[in-house]
Amino acid sequence: MSDCGKNLKTKPQGCFGAKNHDGTLQELIKAYIKYNRKNKNDELEQYSACSTIEETINKIGICRNIHGKVYSHQCRVGEAKMKEFADILKPYAQELNIATTFQQIYDILRVPVKNTHQIGDLAHYDVALRISAYCRCLPEEVFVQAGSEQGAKTWGMNIKNGKVDLNQFPKILTEQLKPHEIEDFLCIYQNDLENLKK
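Residues numbered from 1 in each chain as written. Predicted model: local features only at pLDDT ≥ 70, side-chain atom pairs only at ≥ 80, totals over all residues. Heavy atoms only, no water.

### Quick look at the overall build of the chain
Then step 1. What the chain contains, in helices and strands, is 13 helices and 2 strands.
Then step 2. Counting all 198 residues of the chain, 49% fall into the buried class.
Then step 3. In the chain, the share of contacts with a sequence separation of at least 24, taken over all contacts with a separation of at least 6, comes to 65%.
Then step 4. Carbon and sulfur atoms make up 49% of the accessible area of the chain, which totals about 10,300 Å². (Helix = DSSP H or I, 4+ residues; strand = E, 2+ residues; numbered from the N terminus. Buried < 20%, exposed > 50% of the residue type's maximum accessible area, 1.4 Å probe, protein only. Contact = heavy atoms within 4.5 Å. Areas by Shrake-Rupley, 256 points an atom, 1.4 Å probe, with all protein chains shown as cover.)

### Looking at helix H3 (residues 37-48)
Then step 1. For H3, with 12 residues, the first-to-last C-alpha span of 16 Å sits near the 16 Å given by 1.5 Å per residue.
Then step 2. Among the residues of H3, those classed as buried are Lys-40, Asp-42, Glu-43, Leu-44, Gln-46, Tyr-47 and Ser-48.
Then step 3. Structurally, H3 contributes buried residues whose contacts are with helix H2 (25-35), helix H4 (53-62), helix H9 (121-135) and helix H12 (179-188). (Expected span 1.5 Å × (residues − 1).)

### Considering the pattern of salt bridges
Then step 1. Summed over the entire model, instances satisfying the criterion amount to 13 salt bridges.
Then step 2. Between Arg-130 and Glu-43 there is a salt bridge, with the nearest N and O atoms lying 2.8 Å from each other. Placement of the pair is Arg-130 in helix H9 and Glu-43 in helix H3, with a sequence separation of 87 residues. We note that Arg-130, like Glu-43, is buried.
Then step 3. Residues Lys-90 and Asp-87 are paired through a salt bridge, measuring 3.1 Å at the closest nitrogen-oxygen approach.
Then step 4. The class of Lys-90 is partly exposed, set by a relative accessible area of 40%.
Then step 5. Of the residues examined, Asp-87 reaches a relative accessible area of 33% and is grouped as partly exposed.
Then step 6. One salt-bridge network, in which partners are shared between bridges, spans Lys-40, Glu-43 and Arg-130. (Salt bridge = Lys/Arg side-chain N within 4 Å of Asp/Glu carboxyl O.)

### Quick look at the nonpolar core
Then step 1. Ranked by size, the top nonpolar core spans 36 residues in total, and within it Leu-96, Ile-105, Leu-109, Val-127 and Ile-131 carry the most contacts.
Then step 2. Residue contacts for Val-127: discarding those within four places in its chain leaves Ile-60, Met-82, Phe-85, Leu-89 and Leu-109.
Then step 3. Leu-28, Val-164, Leu-177 and Phe-185 belong to the second-largest nonpolar core, a separate cluster that totals 22 residues. (Core = buried A, V, L, I, M, F, W, Y, C linked by side-chain atoms within 4.5 Å.)

### Describing the environment of Gln-104
Then step 1. If you trace the backbone, Gln-104 turns up in helix H7 (residues 102-108).
Then step 2. Residue Gln-104 is classed as partly exposed on the basis of its relative accessible area, which comes to 34%.
Then step 3. Separated by 33 residues in sequence, Gln-104 and Cys-137 place their C-alpha atoms 9.8 Å apart.

### Notes on the environment of Gly-151
Then step 1. The topology assignment puts Gly-151 in helix H10 (residues 146-154).
Then step 2. Sequence-wise, Gly-151 and Leu-193 are 42 residues apart; in three dimensions their C-alpha atoms are separated by 6.9 Å.
Then step 3. Those residues in contact with Gly-151 that sit more than four places away from it in its chain are Leu-186, Gln-190 and Leu-193.

### Describing the packing of aromatic side chains
Then step 1. Under the defined criterion, the tally for this structure stands at 6 aromatic pairs.
Then step 2. Between Phe-185 and Tyr-189, the aromatic rings sit 5.4 Å apart at their centres with planes inclined by 40°, giving tilted as the arrangement. For the pair Phe-185 and Tyr-189, one class covers both residues: buried.
Then step 3. The ring centre of Tyr-71 lies 4.1 Å from the NZ or CZ of Arg-130, which sits over that ring. (Phe/Tyr/Trp six-rings, centres within 6.5 Å; stacked < 30°, edge-to-face > 60°. Lys NZ or Arg CZ within 6 Å of the ring centre and 35° of its normal.)

### Some details on the confidence of the model for the chain
Then step 1. Looking at the chain, the pLDDT average stands at 86 and 88% of residues meet or exceed 70.
Then step 2. Mean pLDDT values for the elements of the chain range from 42 in helix H1 (residues 4-9) up to 97 in helix H6 (residues 93-97).
Then step 3. Note that pLDDT drops below 50 for residues 4-17; the model gives that stretch 19 contacts with residues more than four away or on any other chain. (pLDDT = per-residue confidence, 0-100.)

What follows is the structure in C-alpha cells.
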C-alpha cells in the first residue's frame, strides 16, 4: 500500500520554508544545510551506490527513499507510473551509461518523458539527477522546474532554456551550495525568497 498520503500530510522539519531562521539569506542557507542537505545527499547516495545502470533504472522505478517511503515528488505521479517509466528507460540504458554530463542525461530523457503520460518536468529533472549521481556527473548549472522555477521567478531571476545562470546568484549562495542544492533551496525556500533582495 502506498504511503504517499502520509507523506503529503507530514512535512519534514526545516522543509517548505523553515521558520527557524531570521529571514536573511545566510540564515536560509544555514537552515538548508542543517535541515535539508542530508535528505538530498541520502537520495543521491542511493543511486551513486548502484553497481550498474540497470540497477539504477530499477531503483528509479521503485522511487523510495532510504526509509522506504515514496519520494514526495513522485507521490502525485504514482508508483505504478514510475515503474512504467523505468521500463521505458531500459532501452536507453547504454546511452545513459556513457553520458558524461547532466545535460546529456537530461537530453536523453526527453523522448521517454514525452512518451510517458503523467511524467512531467519535475520527474524529468529528478530522474536525470538520480542517474547523474550514478554516472558521477551532477549538474554544473542550476536547472529549474516546478517549485524551483517559481522560487527563481520570485527572486526575479532570468530563466533561459530551463536554467538560471550561476552568475545571477549571490556569491554567498554559490560558495556554500552546489548547483543541484541551489535548485533544491529555491524550491524549499521559495516563499521566503520573496522578502529577500539578491
